[in-house]
Amino acid sequence: MTSQRRQVDVYCEDVGHESLVRALLERLGRQEGVSIELRVQSGRGGKGKALKEFEVWQRQRRRGAGHSPDLLVVVIDANCQGWNTVHSAVESKIDLTLQAAVVVGCRDPHMERWLMADPVAFERVVGKKPRR
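Computed from a prediction, not measured in an experiment: that's the story for all the values here.

Student: Just checking my understanding: could you explain the sheet that holds strand β2 (residues 34–42) for this structure?
Tutor: Two pairing modes exist for strands in a sheet, parallel and antiparallel, and in both the strands are linked by backbone hydrogen bonds. Pairing is parallel across the open sheet formed by four strands, whose spatial order is β2-β1-β3-β4. Bordering the open sheet on either side are β2 and β4 (102–107), each of which pairs with just one other strand. Mean inter-strand twist for the sheet, computed between neighbouring axes without regard to direction, equals 25 degrees. Judged from the eight bridges that link them, strand β1 (residues 4–12) and β2 form a sheet pairing that is parallel. Note on β2: the bridge partner recorded for R6 is I36. Where helix α1 (residues 15–32) meets the sheet, its contacts fall on β1, β2, β3 (71–77) and β4, and the angle it forms with β2 comes to roughly 165 degrees.

Set out below in structure tokens:
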């Protein structure tokens, strides 16, 4: 039985990110006895939309509007630009007062390639080997 409840807001590119983050946080919550209330604030429309909505939320928060979750998760793919470049770009958008409450997920390679990392399973399900 969980003894704590934590609110987690997620800003991500798409439904793939949302599914991955939801499954990961729910599993970690179960392992640690923490109930997770996950709210996807941006989960459709790509990197630009996710980051813009995250910036808008931060501006509203500075003005005293909105809620304050226990944790913010921002997930953006590196998309062949490289982890350092994309991760630094995302971190530069985080308000200094929030840094301790924000987790940045930046996969390299991006999700589609990352999920194809098991070509045997892919071939078994799809019937063809993925191209490299």
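Now that the structure has been shown, we can carry on.
Student: What exactly am I supposed to notice about α1 here?
Tutor: An α-helical segment advances 3.6 residues per turn. Residues three or four places apart therefore align on the same side. In a regular helix each residue adds 1.5 Å, so 18 residues correspond to 26 Å; α1 covers 25 Å between its end C-alpha atoms and thus fits that length. Buried within α1 we find H17, E18, V21, L25 and G29. Taken around the axis of α1, the buried residues stretch over an arc of 95 degrees, which confines them to a single face. Of the exposed residues in α1, those oriented more than 90 degrees away from the buried face are R27, R30 and Q31.

Student: It is not clear to me how the nonpolar core should be interpreted in this structure. Could you clarify?
Tutor: The tendency in soluble globular proteins is for nonpolar side chains to be buried as a group. Ranked by size, the top nonpolar core spans 16 residues in total, and within it F54, L72, V74, I76, V90 and V102 carry the most contacts. Secondary-structure elements contributing two or more residues to this core are α2 (46–62), β3, α3 (83–91) and β4. Setting aside anything within four residues of it in sequence, one finds V74 in contact with Y11, L51, F54, V90, V102, V103, V104 and G105. Membership of the second largest hydrophobic core comes to eight residues, among which are C12, V21, L25 and V75.

Calculation notes
- Residues numbered from 1 in each chain as written.
- Predicted model: local features only at pLDDT ≥ 70, side-chain atom pairs only at ≥ 80, totals over all residues.
- Heavy atoms only, no water.
- Pairing = 2+ DSSP bridges.
- Helix = DSSP H or I, 4+ residues; strand = E, 2+ residues; numbered from the N terminus.
- Axes fitted to C-alpha atoms, helices over the stretch in contact; angles between N-to-C directions.
- Contact = heavy atoms within 4.5 Å.
- Expected span 1.5 Å × (residues − 1).
- Buried < 20%, exposed > 50% of the residue type's maximum accessible area, 1.4 Å probe, protein only.
- Arc of directions from axis to C-beta.
- Core = buried A, V, L, I, M, F, W, Y, C linked by side-chain atoms within 4.5 Å.

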